[in-house]
Each structure stands twice: as structure tokens, then as C-alpha cells.
Amino acid sequence: MSGAGIWIAIGLTAVGCYLLKLGGLLVPAETLERPLVRRLSALLPVALLAALTAQQTFASGGALVVDARAAGVAAAALALLLRAPFLVVVAAAVVVTAGARALGG
């Protein structure tokens, strides 16, 4: 891609972000106060994060892959079930993933 093409892409992205933000500001307040909208707005980030985590953990290109990352996610899930603090959850995932990779995964 040429230098001009990159700047055009940056400009279009900036305009798109601005229009998306403007669209959110133009939504009437009574729409945002509805119980369904409030529930969906609370659950949507969790669903998106879960989907992103699953895609990054179990996909490589177009193939399904189960490797050391899956062990790390399982360790994090176990730590969450045991109600561990967030840093402990992250540390458990890192240690288990690194250990599984060191053992040949």
C-alpha cells in the first residue's frame, strides 16, 4: 500500500470513529433507560471478550488448535472458580501456559 493509501485509510477510520461516536450521542435518553437495553449493554462486553478469547486461544489461521494456550485458559478458569484475585488468575494462566510449552506443547 502506498503512503497516500495509508493516509486515506487513516482518515476514513478517523471519520468512521467520529460518526460512530456521534451516533451514540444522538440516541435518545429514554431508549437507553429501557431495561432490555441496560441488560444488553451490561452483557455485550463480556460476550465480546469471551468470543475474542476463544478465537485467540483455539484458532490458528483457519484451523482449530488445542495447545498450551488451552491449558492456560483452563488454569485461569479454575482460578476464577476458586475466587482467586485477578492477578493470581493471570499468573496461573501464564505459569501453566509457559510450563506446557516448556514440556513440549
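Residues numbered from 1 in each chain as written. Predicted model: local features only at pLDDT ≥ 70, side-chain atom pairs only at ≥ 80, totals over all residues. Heavy atoms only, no water.

Chemist: Honestly, the environment of Val37 in this entry has me stumped. Any pointers?
Modeler: Note that Val37 resides in helix α3 (residues 35-58). With a relative accessible area of 28%, Val37 lands in the partly exposed category. Among all residues touching Val37, those that are not within four sequence positions of it are Thr31 and Leu32. (Helix = DSSP H or I, 4+ residues; strand = E, 2+ residues; numbered from the N terminus. Buried < 20%, exposed > 50% of the residue type's maximum accessible area, 1.4 Å probe, protein only. Contact = heavy atoms within 4.5 Å.)

Chemist: I would appreciate a short explanation of the pattern of salt bridges in the present structure.
Modeler: Any two side chains of opposite charge can pair, so long as their charged atoms come close to each other. Under the criterion given, the structure shown has two salt bridges. Where Arg38 meets Glu33, a salt bridge forms, and the shortest distance between an N and an O atom there is 3.0 Å. You can call Glu33 exposed: its relative accessible area is 51%. Salt-bridge contacts for Arg69 lead to Asp67; the nearest nitrogen and oxygen are separated by 3.2 Å. By relative accessible area, which is 24% here, Arg69 ends up partly exposed. (Salt bridge = Lys/Arg side-chain N within 4 Å of Asp/Glu carboxyl O.)

Chemist: When you look at the packing of helix α4 (residues 68-81) against helix α5 (residues 86-102) in this model, what are you seeing that I'm missing?
Modeler: The axes of two packed helices give the description: the angle between them and the distance between them. α5 packs onto α4 with a crossing angle of 150° between their chain directions and a minimal axis gap of 8 Å. Here α5 runs roughly antiparallel to α4, going by the angle between their axes. Of the two elements, α4 crosses α5, and the hand of that crossing is right-handed. In contact with Ala68, Arg69, Ala71, Gly72, Ala75, Ala76, Ala79 and Leu80 of α4, α5 contributes Val89, Ala92, Ala93, Val96, Thr97, Ala100 and Arg101. (Axes fitted to C-alpha atoms, helices over the stretch in contact; angles between N-to-C directions. Parallel < 35°, antiparallel > 145°, perpendicular 65-115°, else oblique. Left-handed = near helix turned anticlockwise from the far one by under 90°.)

Chemist: Help me out: how do you make sense of the confidence of the model for the protein in this one?
Modeler: Confidence along the protein averages 93 in pLDDT terms, with 99% of residues attaining 70 or more. Per-residue pLDDT, averaged within each element of the protein, yields its smallest value for strand β1 (residues 59-60) (86) and its largest for α5 (96). (pLDDT = per-residue confidence, 0-100.)

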